[in-house]
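So you can see what is in the structure, the chains are spelled out below.
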Amino acid sequence: MGEEPLPLVVLEQDMQEPLLLPFAGTTAAVWSSRKPGRDTPNEDAIALFLYGADSGVALVADGAGGQPEGGRAAALAIREMQRALSEAGQIGASLREAI
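Summary of the structure given here.

What to know about unusual backbone geometry
Piece 1. Notably, Glu12 is not glycine yet its phi reads approximately 50 degrees, a positive angle.
Piece 2. By the secondary structure assignment, Glu12 is in the loop between β1 (8–11) and β2 (19–23).
Piece 3. Phi at Glu69 is positive, roughly 65 degrees, even though this residue is not glycine.
Piece 4. Looking at the secondary structure, you find Glu69 in the loop between β5 (56–61) and α1 (70–90).

Structure representation (structure tokens):
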């Protein structure tokens, strides 16, 4: 697979194969798919956010198994973590403080 830019955000995707990406000094495998046999969309979300030169956050937000607005809730969790990391990075906070 080709290299994906970071940050990487995957929302409601039914991926056919995993992405292997260099991430914070290691390799991250990213894959998301709906439950086999289910016709409804995959409401899960995944994100890789770098924080500094060699740290990062790998985040999985479960779309709540078909509950109303599960995909929206998962996307909100990803967006809020991205916002928190961005704000913390601007003031030089540690990753622990950012989370």
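As for the pattern of salt bridges
Piece 1. Within the structure shown, the criterion is met by 4 salt bridges.
Piece 2. A salt bridge links Arg83 to Glu80, with the nearest nitrogen and oxygen atoms 2.9 Å apart. Highlighted residues: Arg83 and Glu80, both in helix α1, separated by 3 residues, approximately one helical turn.
Piece 3. Here Glu87 ties to Arg83 by a salt bridge, and the two come within 2.9 Å at their closest N and O atoms. In this pair, Glu87 and Arg83 both sit in helix α1, 4 residues apart, roughly one turn of the helix.
Piece 4. Salt bridges sharing partners connect three or more residues here, namely Glu80, Arg83 and Glu87.

Digging into the nonpolar core
Piece 1. In this structure, Phe49, Tyr51, Leu59, Ile78 and Leu85 are the most contacted members of the largest nonpolar core, which totals 14 residues.
Piece 2. Going through the elements one at a time, β4 (45–50), β5 and α1 are the ones with two or more residues in this core.
Piece 3. It is α1 that contributes the most residues to this core, 5 residues altogether.
Piece 4. Counting residues in each nonpolar core, the second largest holds 10 residues, with Leu8, Phe23, Ala28 and Leu48 among its members.

Rules behind the numbers
- Residues numbered from 1 in each chain as written.
- Predicted model: local features only at pLDDT ≥ 70, side-chain atom pairs only at ≥ 80, totals over all residues.
- Heavy atoms only, no water.
- Helix = DSSP H or I, 4+ residues; strand = E, 2+ residues; numbered from the N terminus.
- Salt bridge = Lys/Arg side-chain N within 4 Å of Asp/Glu carboxyl O.
- Core = buried A, V, L, I, M, F, W, Y, C linked by side-chain atoms within 4.5 Å.
- Buried < 20%, exposed > 50% of the residue type's maximum accessible area, 1.4 Å probe, protein only.

So far we have only geometry, and geometry alone does not tell us how the molecule works.
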